Amino acid sequence: MSEVEFDHHADRSRMKVSDEVAVEVINMNKWYGSFHVLRDINLTVNRGERIVICGPSGSGKSTLIRCMNRLEEHQEGKIIVDGIELTSDLKNIDKVRREVGMVFQHFNLFPHLTILENCTLAPIWVRKVPRREAEETAMHYLEKVKIPDQAHKYPGQLSGGQQQRVAIARSLCMKPRIMLFDEPTSALDPEMIKEVLDTMIELAEEGMTMLCVTHEMGFAKEVANRVIFMDAGQIVEQNEPEEFFSNPKSERTKLFLSQIL
Amino acid sequence: MSMQETAYVRTEMLPEREPPSLNTGPIGWIRANLFPNWFSSLLTLASLFIIYKLLAAFIPWAFGGVWNASSLKECREILQGVDAACWAVIHERFWQLMYGFYPDNLYWRPNLALVMLIVALVPVLFEGAPRKLLAVTIATPFIGPWLLWGGTIWTPVAAALGFVVGYIVYKLIAGALSDLAGLVLGPLAAVLWWILLAGRFSDLMAGILPLGLQPVESRKFGGFMLAVTLGITGIAASFPLGIILALGRQSHLVIVKTLSVGFIEFIRGVPLITLLFVAQVMLAYFLPRGTQFDIILRVMIMITLFSAAYMAEVIRGGLAALPKGQYEAADALGLNYWQAQRLIIMPQALKIAIPGIVSTFIGLFKDTTLVSIIGLADPLGWVKLIQADAAWNGIVWELYGFVAFVFFIVCFSMSRYSMYLERKLETGHK
């Protein structure tokens, strides 16, 4: 996989990891029917961490982060997000979803709403923010992702890269404390990947806690403080990016890296 | 550039050009579409000949018709053997075709109800309309029937209070127990109010403050007034019911799902006419002895249930066409089930389902003519009544043609509106 050249290199000194725990996954297991898709997952994410999760397709990496805002249900173990344990209790699920933003591979913008409406919908209805204030916040984040002039267009009129940046802005409008990225650049043309990754780097520099499923190893090197390699539903190896890429320990990791780099 | 050269560098980018224009203008269009070759030219000429023949027969018949006569015999005398329409029957019996036996000094009431209906529809159908008109939209379901049937003003008030009761109970229960309990008990309280208390309330209030209109019995309803009354209530009631059934069918709650599927499959498996017979004859057996249950109301309920089942399936088609990502994005943003449905899912699913929804509406409106079989005098019922009159015995084309024409205007308008709506809601995504 070719690596993207970034406009500016990430300023790691600004990315601080605190001692406070943001996400804790304890002995978590999940099945799809009889298929054991996640096996004994243990993971602690501190506030301010930027974690990149990689692995072959079908390894369960997307499923793992989708469990963290309960888009997927786990059957065993515990997931505690922002101090709230995810169970079938709808009130807790809603609380967690308010604090956790998510960006999808296929953007999932709402095609019947304008860009601005996409960004203000959840703050208005979920956080009960007054419309005027929600619109100001939305414009602020649209400026940050560099598309304020598209605010009154519909998603269908934007390029893929622009749509994904809107999707990031839409999540940020909820002022989340944790951001989940599920292969955010996999559906994009090479020229558009960079603009999305640049946005994500800026977000990292502001200290956002990020969990990112991606194959962009350049991004991992630039931003991540930890890289997790998954295969067959389990965490096979995790390490700091430098060590992970230059000196992988497991044979499976070595094979994977030799194929994608 | 020849293909043999491997290296090539473009020095300047090409400017944009107009597309080549060979067949423009009306003559170009005619040549391209009507006379592109000898076979097509032949078909065009044959078609033109057939159209000419049809119009040459129809136009003198329709426009050379007689408008003033008191019987078919008189018509024929005036025409003296010329083959032309006897529109006099429409002229003579126009008010019956429109209002049935509705008292003619009270025609203003259905007329006013119709005006109110049109005003009520404006804010629903057109986005740019003043929002204040929504007050009319909310009032019409209560005031409209009161205008048609008359009686005390307290009946529609009692009916409206049912919604207030339901809402208050929902709010109290949802606050004290859970949202689901509120959603079950709120409507239940409303239904109990309507069945047990609404009648007493309106009797009581009518005793205190007797305000009302002269009552008109259901059997006096007829003609297009009846068709429109049945059609509009059927459309207005079956649409929300269809949405609820479609959502029920997708629910994870087993009981809700089973009930929805059972209802939809049962209703779709039975002909409407059977349901109408049930409404006419059978329903009386199930109700407590001595219950007065209006025939038109019974028919309305059956028509509504019937088209709600079809509506549910049409809307389910729209729901199925939505990508799963839309649900996930709504969930991930923290919207609850009803918010996600109202703000994200339904606006898109209904838009996709517009052609099917409008087809169901049109079908429903035309199906109202089936009530003539159970003895209600809708336009077709009136056609038969008029034909049975000695003065107009033997007249066919004019009456059916007129009824067909009015139905066509209404149905075609619905169809055009749906196309307008589809264009308006187009936001360039596919």
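What you see is a predicted model, and the numbers here were worked out from it, not measured in a lab.

A. The arrangement of the overall build of chain A in detail. Check the secondary structure of chain A and you find nine helices and ten strands. For 261 residues, the compact-globule formula gives about 18 Å, and the C-alpha radius of gyration of chain A, at 18 Å, lands near that figure. Summarising its shape, the C-alpha atoms of chain A cover approximately 55 × 45 × 35 Å along the three principal directions. A burial count over chain A gives 59% of its 261 residues as buried. For chain A, the exposed surface amounts to about 11,100 Å²; the carbon and sulfur share of it is 47%.

B. Just the sheet that holds strand β9 (residues 226-231) of chain A, in detail. Residues and elements named next belong to chain A. Across the sheet, which stays open at both edges, the six strands sit in the order β6-β7-β8-β3-β9-β10 with mixed pairing between neighbours. Unpaired on one side and paired on the other, β6 (100-103) and β10 (234-239) mark the two borders of the sheet. With direction set aside, neighbouring strand axes in the sheet form an average angle of 20°. Relative to strand β8 (residues 209-213), strand β7 (residues 178-182) is paired through five bridges, and the arrangement is parallel. Paired with F181 across the two strands is C212, which belongs to β8. Set on the sheet, helix α2 (residues 90-99) makes contact with β6 and β7; between it and β6 the angle comes to about 65°. Across the sheet, helix α5 (residues 160-172) touches β6 and β7, and the angle it forms with β6 is around 170°.

C. Region of interest: the sheet that holds strand β4 (residues 76-81) of chain A. All names here are of chain A. Ordered in space as β2-β1-β4-β5, the four strands form an open sheet in which the pairing is antiparallel. Across the chains shown, the open sheet's two edge strands, defined by having one partner strand only, are β2 (35-46) and β5 (84-85). Examined bridge by bridge, β4 and β5 share two bridges and lie antiparallel to one another. Its bridge partner lying in β5, I80 is registered against E85.

D. Representation of unusual backbone geometry within the structure. Residues and elements named next belong to chain A. A positive phi angle, close to 65°, is found at R70, a residue other than glycine. Tracing the chain through its elements places R70 in the loop between α1 (61-67) and β4. You will see that E183, though not glycine, has its phi angle at about 45°, which is positive. Its location among the elements puts E183 in the loop between β7 and α6 (190-205).

E. Empty space enclosed by the protein, seen in detail. Scanning all chains against the criterion turns up three cavities of 30 Å³ or more. Of the voids in this model, the largest cavity is the one considered here, and its volume is about 70 Å³. As for the largest cavity, its lining consists of 14 residues, and the residues nearest its centre are G101(A), M102(A), S171(A), A332(B) and L333(B). Taken together, the elements giving at least two residues each to the lining of the largest cavity come down to α2, β6 and α5 of chain A together with α13 (324-332) of chain B. The residue makeup of the lining of the largest cavity, split by class, is eight nonpolar, two polar and four charged. Lining the second largest cavity we find K144(A), V145(A), L172(A), T199(A), E202(A) and L203(A). Per-element tally for the lining of the second largest cavity: the top contributor is α6(A), with three residues. Across the lining of the second largest cavity, the residue classes tally to three nonpolar, one polar and two charged.

F. Layout of the side chain of S307(B). Relative to the helices and strands, S307(B) resides in helix α12 (residues 295-321). Other than its neighbours up to four places away in sequence, S307(B) contacts G234(B), S238(B), T360(B) and L364(B).

G. Region of the structure containing the state of the cysteines. All names here are of chain B. With the rule as written, the count across this model stands at one disulfide over all chains. Across the disulfide, C75 is cross-linked to C86 (sulfur-sulfur distance 1.8 Å). Its S-S torsion of about 75° marks the bond between C75 and C86 as right-handed, since a negative value means left-handed. With C75 in helix α3 (residues 72-79) and C86 in the loop between α3 and α4 (88-99), the pair connects residues that are eleven residues apart, well separated along the chain.

H. How the structure looks around the interface of chain A and chain B. Listed by partner, the interface residues are 22 residues for chain A and 20 residues for chain B. When the buried surface of chain A facing chain B is broken down by residue, P111(A), H112(A) and W125(A) rank first, second and third, together holding 28% of it. Counting every contact that joins chain A to chain B gives one salt bridge. Note that R66(A) and E328(B) form a salt bridge whose closest N and O atoms lie 2.6 Å from each other. Among the elements that take part in the side of chain A that touches chain B, helix α3 (residues 115-125) of chain A stands out by supplying three residues, more than any other. Taken together, the residues of the side of chain A that touches chain B sort by class into 13 nonpolar, four polar and five charged.

I. Layout of the pattern of salt bridges. All told, the structure shown has 27 salt bridges over all chains when counted by the stated rule. Residue D231(A) pairs with R252(A) through a salt bridge whose shortest N-O separation is 2.7 Å. In this pair, D231(A) sits in strand β9 while R252(A) sits in helix α9 (residues 251-260), placing the two residues 21 residues apart along the sequence. In this structure R252(A) comes out as partly exposed when scored by relative accessible area, which is 27%. Between D389(B) and R93(B) there is a salt bridge whose closest N-O contact spans 2.3 Å. Pair noted here: D389(B) is in the loop between α15 (379-388) and α16 (397-424) and R93(B) is in helix α4, with a separation of 296 residues, a long-range link. For D389(B), a relative accessible area of 25% puts it in the partly exposed group. Exposure remark for R93(B): the relative accessible area of 16% places this residue in the buried category.

Basis of the calculations
Residues numbered from 1 in each chain as written. Chains lettered and ligands numbered in written order. Predicted model: local features only at pLDDT ≥ 70, side-chain atom pairs only at ≥ 80, totals over all residues. Heavy atoms only, no water. Helix = DSSP H or I, 4+ residues; strand = E, 2+ residues; numbered from the N terminus. Rg over C-alpha atoms; globule rule 2.2 N^0.38 Å. Buried < 20%, exposed > 50% of the residue type's maximum accessible area, 1.4 Å probe, protein only. Areas by Shrake-Rupley, 256 points an atom, 1.4 Å probe, with all protein chains shown as cover. Pairing = 2+ DSSP bridges. Axes fitted to C-alpha atoms, helices over the stretch in contact; angles between N-to-C directions. Contact = heavy atoms within 4.5 Å. 1 Å grid on protein atoms, 1.4 Å probe; cavity = no way out; pocket = protein on both sides within 12 Å on 5 of 7 lines; lining within 4 Å. Points joined across faces, edges and corners; volume = space filled by probe spheres on them. Nonpolar A, V, L, I, M, F, W, Y, C, P; charged D, E, K, R; others polar. Disulfide = S-S within 2.5 Å. Buried area = accessible area lost by both parts, 1.4 Å probe. Salt bridge = Lys/Arg side-chain N within 4 Å of Asp/Glu carboxyl O.

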